[in-house]
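Overview (structure and organization)
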Amino acid sequence: MVTIDGPAGAGKSTVARLLADRLGWRFLDTGAMYRVVTLAALREGVDLEDAGALDRLAAGLDASFPPGLALLGGEDVSAAIRDVAVTRFSRFIADCAPVRARLVGWQRAFAESDDVVTEGRDQGTIVFPDAYRKFFVTASDHERARRRHRELVARGQDATLEAVLADQRARDARDAGRAIAPMRAADDAETVDTTGLSIEDVVELLHRKVRPAP
Ligand code: DC
């Protein structure tokens, strides 16, 4: 088990996926779980401040995460969960204690029988405290906002860099200040600053740390 935590836009997902491929391990994108619950709540009009209703919704969800995909009731929602609205409202799900507890269960079940590279905010601190290696991957907030802005524009979404940066700062502050499972580096995690590094550089760096050359 390798955990990769850190703020939005640090390139964690891509790095974790490529590192998992390289190790021949499975990849777990835990943000996708929070996003699927958010999408379902928005579609069903569930009150985002009603923890009981959100937990009942999550309990009844038919969600699965085959490699590279997110499925909701059999529908491929991999693109829909990256929407600006889902991104923005995901904080209500992230702040909801019963849903968090449920998703932690999904995450541990996913990792039960295989070697996994997992990515999120609380993987090294709460979900997998005994992981073999833990990384906290970050980058300057301008660089993270630029990356996210490029991604949104490439997907044809309309967003200014300033708006992306402002949203991201608000999300970072909430993720780090959350009462339950706040985003932070585990005491035994190694922090990796990816500012100025390419994805390939970061994957190479982490791979060397997980599998040092003999
Ligand atoms: O990493 P991401 O942007 O896909 O995460 C989506 C949301 O889920 C975001 O609000 C942070 C939250 N999240 C979390 O609280 N804990 C995790 N392990 C992963 C994501």
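Refer to the preceding data block for the structure.
Quick summary incoming for the structure in this document. (Residues numbered from 1 in each chain as written. Predicted model: local features only at pLDDT ≥ 70, side-chain atom pairs only at ≥ 80, totals over all residues. Heavy atoms only, no water.)

Brief notes about the sheet that holds strand β7 (residues 133-138)
Defined as follows: Think of it this way: DSSP has to see at least two bridges between two strands before they count as a pair. The helix count covers DSSP runs of H or I at least four residues long, the strand count covers runs of E at least two residues long, and both are numbered beginning at the N terminus. As a rule, the C-alpha atoms of each element are fitted with a line to give its axis, helices using only the stretch in contact, and angles between N-to-C directions run from 0 to 180 degrees. Between two residues, a contact is recorded if the distance between any of their heavy atoms is within 4.5 Å.
Across the sheet, which stays open at both edges, the five strands sit in the order β2-β6-β1-β7-β8 with parallel pairing between neighbours. In the strand order of this sheet, the two ends are held by β2 (26-29) and β8 (190-193), each with one partner. Neighbour-to-neighbour, the strand axes of the sheet open up by a mean angle of 20°, direction not taken into account. Pairing of β2 with strand β6 (residues 116-120) involves four bridges; the strand directions are parallel. Of the residues in β6, the one forming a bridge with Asp29 is Glu119. Sheet strands in contact with helix α9 (residues 199-210) are β1 (2-5), β7 and β8, and its direction is about 160° off that of β7.

Regarding the layout of surface pockets
To keep it simple, the criterion reads: Here a cavity means grid points, on a 1 Å grid over the protein atoms only, where a 1.4 Å probe fits yet cannot get out; a pocket means an open set of points with protein on both sides within 12 Å along at least five of seven lines; lining residues are those with an atom within 4 Å of a point. Grid points are joined across faces, edges and corners, and a volume is the space filled by probe spheres set on the points. Gly is placed with the polar residues, together with every amino acid not listed as nonpolar (Ala, Val, Leu, Ile, Met, Phe, Trp, Tyr, Cys and Pro) or charged (Asp, Glu, Lys and Arg).
Its volume calculated, the largest pocket comes out at about 1,200 Å³. Taken together, 49 residues make up the lining of the largest pocket; nearest its centre are Ser13, Asp29, Arg35, Arg82 and Glu119. Considering every element that reaches the lining of the largest pocket, the biggest residue donor is helix α2 (residues 30-44), with six residues. A per-class count over the lining of the largest pocket returns 19 nonpolar, 12 polar and 18 charged. The space that makes up the second largest pocket amounts to roughly 270 Å³.

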